[in-house]
Amino acid sequence: MAALEQEIAAILKSMEHQVTIRTVADRRYHLAERNGQQYVIVLSRIGKVAAAATVTTLINVFGVQSVLFTGLAGGIHADVKVGDIVIARSVYQYDLDASPLFPKYSVPLLNKTFFDTDEALNDKIAKACNDYLAQDFATAFEGNKRPRFFQRDIPKVHQGLIGSGDVFVNALEKQNQIAEQMPSTLCVEMEGAAVAQVCYEYAIPFAIFRIISDRADSKAELDFNEFLNEISPHYGSAILTRLLDQLASS
């Protein structure tokens, strides 16, 4: 799953001769095979409701056995830089507040704030990311091809907490508020925790990895759009390709 076309365009192109498309509730689900494995690839669109509706269809209509969400995110933690990769160990909704009826951030009636991702999937994602950075990144972005706004010579892979909310964070004040209230938050995005809640309720293993496109500050909109169009098709999709090849051999 991804929220925007550019985040999975290269993967779909690599499978274009083997894809069958089914449309359900105005979503195009791409059924594909790669190295003997069956996949369903879909754009959820942006936001928690769209993501929850899409993953529910994946489970109930297509019978998926696990779920992976990928895409871009805004960095929150000081050590998370543009170009870095964040693998979610757990996710929460930073904009959920049903207090005083329920504790802030806790999903009402579930009594859960944090939803843990699948450790086995996380390990495979980490290997795909690290292998790509060690073996292919320098060649892919050598010389003038290296993105000017990457903040490290070689991006870093982080694992930890991701926050989801129906807000595009593009102000330092909001970034600081999230960091103060939940200091372990590494980055923010708009879908992951919704996917996590649905997968939790259906007992479906899931994983999320995000590439940091911006620092969730006043420049976030410009940085996000440039990263999405110029970098994501060659960066995130390359990691995803490695991951799919790894899944097929395991």
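Residues numbered from 1 in each chain as written. Predicted model: local features only at pLDDT ≥ 70, side-chain atom pairs only at ≥ 80, totals over all residues. Heavy atoms only, no water.

1. Thoughts on the nonpolar core
Now for step 1: Core analysis: the largest hydrophobic core is formed by 71 residues, its most contacted members being Val67, Ile85, Phe227, Tyr235 and Ile239.
Now for step 2: Per element, the largest residue contribution to this core is 9 residues, and it comes from helix H7 (residues 220–249).
Now for step 3: Of all hydrophobic cores here, the second largest spans 10 residues; its members include Ile178, Met182, Val188 and Ala216. (Core = buried A, V, L, I, M, F, W, Y, C linked by side-chain atoms within 4.5 Å. Buried < 20%, exposed > 50% of the residue type's maximum accessible area, 1.4 Å probe, protein only. Helix = DSSP H or I, 4+ residues; strand = E, 2+ residues; numbered from the N terminus.)

2. Quick look at the side chain of Thr117
Now for step 1: Relative to the helices and strands, Thr117 resides in the loop between strand S6 (115–116) and helix H3 (119–135).
Now for step 2: Within the structure, Thr117 has its side chain in polar contact with the side chain of Asn122 (distance 2.8 Å).
Now for step 3: Not counting the four nearest positions on each side in its chain, Thr117 is found in contact with Ala88, Arg89, Ser90, Asn122, Phe206, Ala207 and Ile208. (Polar contact = N/O pair within 3.5 Å; in protein donor to acceptor, adjacent residues only side chain to side chain. Contact = heavy atoms within 4.5 Å.)

3. Some thoughts on the packing of aromatic side chains
Each pair of aromatic rings is reported with the distance of its centres and the angle of its planes.
Now for step 1: This structure, assessed with the given rule, holds 12 aromatic pairs.
Now for step 2: Note on Phe137 and Phe150: the rings are 5.8 Å apart at their centroids and 20 degrees apart in plane angle, and the pair reads as stacked. With Phe137 in helix H4 (residues 137–140) and Phe150 in the loop between H4 and strand S7 (157–164), this pair connects stretches of sequence that are 13 residues apart. With respect to burial, Phe137 and Phe150 carry one shared label: buried.
Now for step 3: Each member of the aromatic cluster is reached from another via a ring pair, and the members are Tyr132, Phe137, Phe150, Phe227 and Tyr235.
Now for step 4: Here the guanidinium or amino end of Lys112 rests over the ring plane of Phe115, the centre of that ring lying 5.3 Å away. (Phe/Tyr/Trp six-rings, centres within 6.5 Å; stacked < 30°, edge-to-face > 60°. Lys NZ or Arg CZ within 6 Å of the ring centre and 35° of its normal.)

4. Focus: the sheet that holds strand S3 (residues 37–42)
Now for step 1: Strands sit in the order S1-S2-S3 across an open sheet of 3 strands; the sheet is antiparallel. Taken across any chain shown, the strands that pair with only one partner, and hence form the sheet edges, are strand S1 (20–24) and S3. Across the sheet, the mean angle separating the axes of adjacent strands is 25 degrees when strand polarity is ignored.
Now for step 2: With respect to the sheet, helix H2 (residues 48–60) is in contact with S1, strand S2 (27–34) and S3, its orientation differing from that of S2 by roughly 50 degrees. (Pairing = 2+ DSSP bridges. Axes fitted to C-alpha atoms, helices over the stretch in contact; angles between N-to-C directions.)

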